[in-house]
Amino acid sequence: MHVNRDQPLVLGIETSCDETGIGIVRGRTLLSNTIASSMAEHARYGGVVPEVAARAHLEALQPSIAAALAEAGVTLADLDAVAVTSGPGLAGALMVGIGAAKGLATGLGVPLYAVNHLVGHIAADILAEDAAPLEYPTVALLVSGGHTSLLLVRDLTSDVELLGETMDDAAGEAFDKIARILGLPYPGGPEIDRAAVSGDPDAIRFPRGLSRASDLHEHRYDFSFSGLKTAVARYVEQQGADASVPDIAASFREAVVDVLVTKALDACARFDVPRLLLGGGVIANRRLREVATARAEAAGVTVRIPPLSLCTDNGAMIAALAAELIASGRAPSTFAFGADSTLPVTEIQVAEGVPA
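Residues numbered from 1 in each chain as written. Predicted model: local features only at pLDDT ≥ 70, side-chain atom pairs only at ≥ 80, totals over all residues. Heavy atoms only, no water.

With respect to the sheet that holds strand β10 (residues 302–304)
Test applied: In this description, strands pair whenever DSSP reports at least two bridges between them. Segments assigned H or I by DSSP are reported as helices when at least four residues long, segments assigned E as strands when at least two residues long, and all are numbered from the N terminus. Each axis is a line fitted through C-alpha atoms, taken for helices only over the stretch in contact, and angles between the N-to-C directions span 0 to 180 degrees.
Pairing within the open sheet is mixed, and its 5 strands lie in the order β8-β7-β6-β9-β10. On the outer flanks of this sheet lie β8 (159–165) and β10, each paired with one strand and no other. Recorded for the sheet is a direction-independent mean angle of 25° between the axes of neighbouring strands. One ladder, built from 6 bridges, connects strand β6 (residues 138–143) with strand β7 (residues 148–155); its direction is antiparallel.

Okay, structure coming up:
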């Protein structure tokens, strides 16, 4: 089947966690971005429950696809290709999206592209209205509920190197756990942001994980937030009723932001890359954006941040990555792939077939 390589019309499916994302793009133009979140169903448990997420995806997929098509003003018959997240993510949740994508591609007789969720977060940036093309190389800091990764992107479709990643809790998980310690609701990120508004970020010097000189040889670009979480818990226990939630929230947030920005800018300096791309749902954190922008400007580094609506998990970023793969001449994926919860970021596309 002939595919329009210049402006392919691609439907992307993203079900790696608790958001059912369906996005439609034409080349680098965003046509629709439909997201059905099951976050409210997980709130009672204080975190994402994989089985609940998978069932929610099953229920949301069909209406979400219909809504995305209606918003884009296209039909299934118009599609040039289907794209889906193969990993990383929750295995059961991924399986739902993969099954739907394989069924759609088979029924429509169109190519299927199975892609990497994390690289998709980078691709989201090219969908920003009036966005300039990505310049290479670029350092990318991806911060979400399940992932904290620092990448060196030499080419979006063929060369992404993992510099470092979280060794325990991702930044988003740390926010959720500290919110629980402070008696704040789930999800923790927005709640800590609200509490921190009236707090002093310098009130308490919480530890910066993997930032000591002894850590920098082996873990220069890795992240760890478990020690920070323990330090906050002990501080709250020691202070008791005298604990200031705003000061703790602001000081905790400052410690996380400091580590993220310091390591990202260190990578820019080490690899002589004057560009930093921020992605992932935690980028919605106002303080992180402020500190990253200010410190990057001082270091002569340009910061790119996708629209916040494209920072959380979404199908548009998956469609955008597939559109870039199509434009670069990459063959579609075969159906010989499944859910890969630990898919390495270096695998941008999974099960690539033989070019026709």
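From this point, the narrative continues.
Section: the sheet that holds strand β4 (residues 81–87)
The criterion, for reference: Here a residue-residue contact requires only that any non-hydrogen atoms of the pair lie within 4.5 Å.
Read from one edge of the open sheet, 6 strands run β3-β2-β1-β4-β5-β11, paired in mixed fashion. What marks the edges here is a single partner per strand, and that holds for β3 (29–37) and β11 (349–350). Here strand β1 (residues 9–14) runs beside strand β2 (residues 19–26); their pairing, made up of 6 bridges, is antiparallel. Counted as the bridge partner of Leu-11 is Ile-24 from β2. Its contacts with the sheet put helix α11 (residues 315–327) on β1, β2, β3, β4, β5 (112–116) and β11, and the angle it makes with β1 is roughly 135°.

Some points on helix α10 (residues 286–298)
Since the α-helix advances by 3.6 residues per turn, residues separated by three or four positions end up pointing in the same direction. Note the following rule: Between the first and last residue of a helix there are one fewer steps than residues, each counted as 1.5 Å, and that sum is the expected span. Exposure is judged per residue with a 1.4 Å probe applied to protein chains only, and the accessible area is read against the type maximum: over 50% gives exposed, under 20% gives buried, and values in between give partly exposed. Throughout, the arc means that of the directions going from the helix axis to the C-beta atoms.
For α10, which comprises 13 residues, the first-to-last C-alpha distance of 19 Å matches the rise-based estimate of 18 Å (1.5 Å per residue) to within 8%. Every buried residue belonging to α10 is among Leu-288, Val-291, Ala-292 and Ala-296, and all of these are buried. One side of α10 carries all its buried residues, which in axial view fall inside an arc of 120°. More than 90 degrees from the buried face of α10, the exposed residues found are Glu-297 and Ala-298.

Focus on unusual backbone geometry
Residue Gly-87 is joined to Pro-88 through a cis peptide bond whose omega torsion reads -10°. In this fold, Pro-88 is placed in the loop between β4 and α3 (91–108). Following Tyr-186, the chain continues into Pro-187 via a peptide bond in cis, with omega recorded as -5°. Mapping Pro-187 onto the fold places it in the loop between α5 (171–181) and α6 (188–196). The phi angle at Leu-210 is positive, at roughly 55°, despite the residue not being glycine. The backbone of Ala-351 sits at a positive phi, close to 55°, despite the residue not being glycine. As for its placement among the helices and strands, Ala-351 is situated in the segment after β11.

So far we have only geometry, and geometry alone does not tell us how the molecule works.
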